[in-house]
Amino acid sequence: MPKILVLYHSTRGHVEAMAGAVAEGARQVDGATVDIRRVPELVPEELARRSGYKLDQAAPVAEVDELAGYDAIIVGAGTRYGTAASQMRNFLDQTGGLWVKGALVGKVGSAFTSTASQHGGQETTLIGLVQTLLHQGMVVAGLPYAWQGQSRIDEITGGSPYGATTITGSDGSRMPSDNELEGARWQGRYVAETAKKLFG
């Protein structure tokens, strides 16, 4: 049965909430086992506190070598200047040993993100993460338009065919909406179903 990893970095809890929804969706697939891990925080604790970081996140910190033990890896990180936060990039940059061994080849990969605004780099961030997954030889699953929530026009909402997204607002006060969380659940379920077809 498929073993799924939801791997994330979250500054103020937005991506953490999305990661929980992704995992919830993946767990809806019969037989799937799902773990949530976060990448190490690189910002010194005192500065993180002063900057309003959410420091009470319960997910254990991941080790790079753990990734090889999963059939699917769903990566989530906030956007910084149109690309993934450096904490996630730093972690992914340490996977060269896995790449050399081909340890992730044929596994399912997917990504999700958050930005402050609708046009804050959601798609460029997702595409950048997807490029990394493709370099590792992974089979990429996005968030198809079969999930119709991303086509809504009755509310401002995240969502992209490249992956689930949320919009935080410039001050970070907006948490993921019900629609955005449903997109994350849909994506998690879709990835787990795909992994089950490949590995179940």
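Residues numbered from 1 in each chain as written. Predicted model: local features only at pLDDT ≥ 70, side-chain atom pairs only at ≥ 80, totals over all residues. Heavy atoms only, no water.

Some points on the overall build of the protein
1) Next: Across its full length, the protein holds 6 helices and 7 strands.
2) Next: The N-to-C order of helical and strand elements in the protein reads β-α-β-α-β-β-α-α-β-α-β-β-α.
3) Next: Taking 200 residues into account, the globule formula puts the C-alpha radius of gyration at 16 Å, and the protein, at 16 Å, falls close to it.
4) Next: When its C-alpha atoms are laid out on the principal axes, the protein stretches across 40 × 40 × 25 Å.
5) Next: Excluding contacts between residues fewer than 6 apart, the proportion of contacts in the protein whose partners are at least 24 apart in sequence is 76%.
6) Next: As presented, the protein carries roughly 9,200 Å² of accessible surface, and 51% of it is formed by carbon and sulfur atoms.
7) Next: Of note, the protein has its 18 positive side-chain charges centred 2 Å away from the centre of its 21 negative side-chain charges. (Helix = DSSP H or I, 4+ residues; strand = E, 2+ residues; numbered from the N terminus. Rg over C-alpha atoms; globule rule 2.2 N^0.38 Å. Contact = heavy atoms within 4.5 Å. Areas by Shrake-Rupley, 256 points an atom, 1.4 Å probe, with all protein chains shown as cover. Lys, Arg positive; Asp, Glu negative; His and termini not counted. Charge placed at Lys NZ, Arg CZ, Asp CG, Glu CD.)

A closer look at the side chain of Gln-87
1) Next: Examined against the element boundaries, Gln-87 turns out to sit in helix 3 (residues 86-93).
2) Next: Under the relative-accessibility criterion, Gln-87 is labelled buried at 5%.
3) Next: Within polar-contact distance, the side chain of Gln-87 engages the side chain of His-9 at 3.4 Å.
4) Next: Separated by 2.7 Å, the side chains of Gln-87 and Glu-41 make a polar contact.
5) Next: Leaving out residues up to four positions away in the same chain, Gln-87 has contacts with His-9, Val-39, Pro-40, Glu-41, Leu-42, Val-43 and Tyr-53. (Buried < 20%, exposed > 50% of the residue type's maximum accessible area, 1.4 Å probe, protein only. Polar contact = N/O pair within 3.5 Å; in protein donor to acceptor, adjacent residues only side chain to side chain.)

Overview of the packing of helix 3 against helix 5 (residues 122-135)
1) Next: In the contact formed by helix 3 and helix 5, the axes pass within 12 Å of each other and the chain directions differ by 10 degrees. Considering the angle they form, helix 3 stands roughly parallel to helix 5. Contact residues: helix 3 offers Met-88, Arg-89 and Leu-92, while helix 5 offers Gly-128, Leu-129 and Thr-132.
2) Next: Tallied by class, the residues present in the contact of helix 3 with helix 5 amount to 3 nonpolar, 2 polar and 1 charged. (Axes fitted to C-alpha atoms, helices over the stretch in contact; angles between N-to-C directions. Parallel < 35°, antiparallel > 145°, perpendicular 65-115°, else oblique. Nonpolar A, V, L, I, M, F, W, Y, C, P; charged D, E, K, R; others polar.)

A short note on the side chain of Arg-185
1) Next: Looking at the secondary structure, you find Arg-185 in helix 6 (residues 178-199).
2) Next: Of the residues examined, Arg-185 reaches a relative accessible area of 17% and is grouped as buried.
3) Next: Within polar-contact distance, the side chain of Arg-185 engages the side chain of Glu-182 at 3.1 Å.
4) Next: Residues in contact with Arg-185, not counting those within four places in the same chain, are Ala-21, Val-22, Glu-24, Gly-25, Gln-28 and Asp-178.

Focus: the UniProt feature "binding site: FMN" (unreviewed entry) in the protein
1) Next: Under the UniProt annotation, "binding site: FMN" (unreviewed entry) lies at Thr-79, Arg-80, Tyr-81 and His-135.
2) Next: Along the chain, Tyr-81 falls in the loop between strand 3 (72-80) and strand 4 (83-84).
3) Next: Residue Tyr-81 is classed as exposed on the basis of its relative accessible area of 89%.
4) Next: Structurally, the position occupied by His-135 is in helix 5. (UniProt positions renumbered as here; feature names shortened; annotations may be inferred.)

Observations concerning the UniProt feature "binding site: substrate" (unreviewed entry) in the protein
1) Next: In the numbering used here, UniProt assigns the feature "binding site: substrate" (unreviewed entry) to Trp-99.
2) Next: Secondary-structure assignment places Trp-99 in helix 4 (residues 96-101).
3) Next: The exposure class assigned to Trp-99 is exposed, which follows from its relative accessible area of 53%.
4) Next: Those residues in contact with Trp-99 that sit more than four places away from it in its chain are His-135 and Gln-136.

Some points on the packing of aromatic side chains
1) Next: Across all of its chains, the model carries 1 aromatic pair by this definition.
2) Next: Between Trp-186 and Tyr-190, the aromatic rings sit 5.5 Å apart at their centres with planes inclined by 35 degrees, giving tilted as the arrangement. Of the two residues, Trp-186 and Tyr-190 are both situated in helix 6; the distance of 4 residues between them amounts to about one turn of the helix.
3) Next: By relative accessible area, Trp-186 is classed as buried at 19%.
4) Next: The class of Tyr-190 is partly exposed, set by a relative accessible area of 27%. (Phe/Tyr/Trp six-rings, centres within 6.5 Å; stacked < 30°, edge-to-face > 60°.)

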